[in-house]
Amino acid sequence: MSAVLPAGFAPLEPFVAVWAVEGTAARAALRGISSEADRQAFYDVAKDHLVAALALLDAKPIDQFDLAEQNLMNLMLALAHVSLAVEVQRDHESELALQARHMPITRSTAGA
Amino acid sequence: MDGRAGEWMLGTDPVPAAPYCDPAYFELERQAVFRRTWLQIGHVCEVPEPGNFIVRPVEVANASILITHAKDGRIRAFYNVCPHRGTELVTETDGRASVFSCRYHMWTFGLEGELRAAPDLENFFVAKEDCGLKPVAADVCAGLIFINLDPSPAQTLREFLGDIAGQLEALPVAKATTFSEYVYEIDANWKVTYDNFQENYHIRFIHPRSIAETAHGPENPFGYPEKFAFHGWHRTATLAMPSNSGPRARPQSVNAVAFGALAQMAAADGFADSPYSREYYALFPNFFMLGLPLQPFSHCVMPIDAGRSRGVIRLYWNGEDETATRRFAREYILGAARDIHTEDRCVIEAGQRGLNSGALTHIHFQKQEVLCRHLFHMVEQHVATYLAQRAEAAA
């Protein structure tokens, strides 16, 4: 069976099923409907692997990622959204999430 | 003009509230402003090759505009209307084609708007060469596509933009090959919406976490721009340097990694030392462009009616996401910018509800809201000119 993530990122495996989603709009929506506890749990683990993840993934053209690398990329992209909730919005996040539904993402360089 | 010294032009009087909510005034703006001004509608990266086309609505003019890239390399715009009996011609929003055929009677047009063929044309009483798509003035500056619905625009696009044209052409948008986008609709007049983004006075209250917390120190608690400038119909704000005495950007954080990557990207793309990196452009009537290479966004507010508008916000980028770090940084800044605009939307609608009540005959702009006052005057000048011309024509 193939690994779900590249070697060295085992602590992130529990988060793949929920957070490794395709598409910027889907990741933004996931941030909006997730619970604060789930966001915090993902953030607390993922943030410590961000720099290493990007360094590993940068070694290869983005269109040549295998499934494990794509999962890692999607986790880091989800972390981008979740970190805005955890680091920036904090207790304003739930109110923002209600309003963010009125700002649909229609295009993204990562695929909307 | 120093944004913080207190010097200002354009007067100090309260401003009438009616232009911001009165349907009759909006009808005047339809004709006086939106049917005779250069309007930003797209970017050349949406039509990069011959055969590409896009179709964009201009609700305030009840129009659908077809924009094509023909073999001769020119970008053209047309009313998306078959000249036979007025049927809407192209139903897709974008694509690639060599011809456009009206589904009603199969009149077929080329990318330069010419009628190529029409069944039974010999039974008509009009020459083929007079049956092309109705053209709309179109031009490009800094990659941005502008149209003008005036059959004889009073100014070329470059005359209209003036000295701003050269500045825009030095921004990342001029080299953009792709963009990310989010959109919104809002129950607010286009000027009420637009004015929110022309003043920093609200930032510490509406964006306490997303902007004020890391940008504003005690020497500039409202985050006012360093200075304002007026350029004909248009205006600019030079953003203040980030505070050295306020809280620093969030250390050892995802935010720090993202902004570090954005700064490296800007440097690699040649925009680190742009002389316009702190400029915020407010182009008449309804378009914004930020010069900051870390967040190269444009924002267009399209009027729908006196109390409703549609917004399009884009982040322009040079090249696809070639690396994971680029993809991550672009995703992050899209999310961050969207959060900021989301924070604004709700309070803008609340402002429109208050105006719609008729409670106020006038509103007040302070010194640091002078860009809002400038827009009011520029719209008033257009409306006054239009009314004078209408009166003269009727005499």
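Conventions we followed
Residues numbered from 1 in each chain as written. Chains lettered and ligands numbered in written order. Predicted model: local features only at pLDDT ≥ 70, side-chain atom pairs only at ≥ 80, totals over all residues. Heavy atoms only, no water. Helix = DSSP H or I, 4+ residues; strand = E, 2+ residues; numbered from the N terminus. Rg over C-alpha atoms; globule rule 2.2 N^0.38 Å. Contact = heavy atoms within 4.5 Å. Areas by Shrake-Rupley, 256 points an atom, 1.4 Å probe, with all protein chains shown as cover. Lys, Arg positive; Asp, Glu negative; His and termini not counted. Charge placed at Lys NZ, Arg CZ, Asp CG, Glu CD. Buried < 20%, exposed > 50% of the residue type's maximum accessible area, 1.4 Å probe, protein only. Arc of directions from axis to C-beta. Pairing = 2+ DSSP bridges. Axes fitted to C-alpha atoms, helices over the stretch in contact; angles between N-to-C directions. Core = buried A, V, L, I, M, F, W, Y, C linked by side-chain atoms within 4.5 Å. Polar contact = N/O pair within 3.5 Å; in protein donor to acceptor, adjacent residues only side chain to side chain.

1. Observations regarding the overall build of chain A
Right, so step 1: Looking only at helices and strands, chain A has 6 helices and 1 strand in total.
Right, so step 2: Sequence-ordered secondary structure for chain A, helices as α and strands as β, is α-α-α-α-α-α-β.
Right, so step 3: Its C-alpha atoms give chain A a radius of gyration of 14 Å, near enough to 13 Å, the size a compact globule of 112 residues would have.
Right, so step 4: Dimensions along the principal axes, computed over C-alpha positions, put chain A at roughly 40 × 30 × 25 Å.
Right, so step 5: For chain A, long-range pairs separated by at least 24 residues make up 75% of all intrachain contacts whose partners lie at least 6 apart in sequence.
Right, so step 6: As displayed, chain A has an accessible area near 5200 Å², and 58% of this comes from carbon and sulfur atoms.
Right, so step 7: Averaging the positions of the 8 positive and the 14 negative side-chain charges in chain A gives two centres separated by 6 Å.

2. Concerning helix α4 (residues 50-57) of chain A
Right, so step 1: Those residues of α4 of chain A that sit buried are Leu50, Ala53, Leu54 and Leu57 of chain A. Relative to the axis of α4 of chain A, the buried residues are bounded by an arc of 95° and lie together on one face. Summarising the geometry of α4 of chain A, the exposed residues directed more than 90 degrees from the buried face are Val51 and Ala55 of chain A.
Right, so step 2: Those residues of α4 of chain A hidden inside the fold are in contact with α3 (36-46) and α5 (67-89) of chain A together with α7 (254-268) and α8 (324-356) of chain B.

3. Re the sheet that holds strand β16 (residues 287-290) of chain B
By way of backbone hydrogen bonds, the strands of a sheet pair with one another, either parallel or antiparallel.
Right, so step 1: Read across the open sheet, the 8 strands follow the order β1(A)-β12(B)-β18(B)-β17(B)-β16(B)-β15(B)-β14(B)-β13(B); overall the sheet is antiparallel. The outermost strands of the open sheet, each flanked by one partner alone, are β1 (105-107) of chain A together with β13 (227-231) of chain B. Looking at each pair of strands side by side, their axes are set apart by 20° on average, direction ignored.
Right, so step 2: Bridge count between strand β12 (residues 178-186) of chain B and strand β18 (residues 308-317) of chain B: 9 bridges; the pairing is antiparallel. Considered in β18 of chain B, the bridge of Thr178 of chain B is made with Trp317 of chain B.

4. Quick word on the nonpolar core
Right, so step 1: Formed by 130 residues in total, the largest nonpolar core has its most connected members in Leu75 and Met76 of chain A together with Val58, Ile65 and Phe328 of chain B.
Right, so step 2: No other element matches α5 of chain A, which puts 12 residues into this core.
Right, so step 3: Discounting residues that sit within four places of it in the chain, Phe328 of chain B has contacts with Leu50, Leu54, Met73, Met76, Leu77 and Ala80 of chain A together with Val254, Val257 and Ala258 of chain B.
Right, so step 4: Counting 19 residues, the second-largest nonpolar core is a separate cluster that includes Cys82, Leu89, Leu115 and Leu133 of chain B.

5. Quick word on the side chain of Arg76 of chain B
All names here are of chain B.
Right, so step 1: Tracing the backbone shows Arg76 in strand β5 (residues 75-79).
Right, so step 2: We classify Arg76 as buried; its relative accessible area is 10%.
Right, so step 3: A polar contact of 2.6 Å, which involves the side chain of Arg76, links it to the side chain of Asp72.
Right, so step 4: Not counting residues up to four positions away in its chain, the partners in contact with Arg76 are Leu66, Ile67, Thr68, Ala70, Leu111, Glu112 and Ala138.

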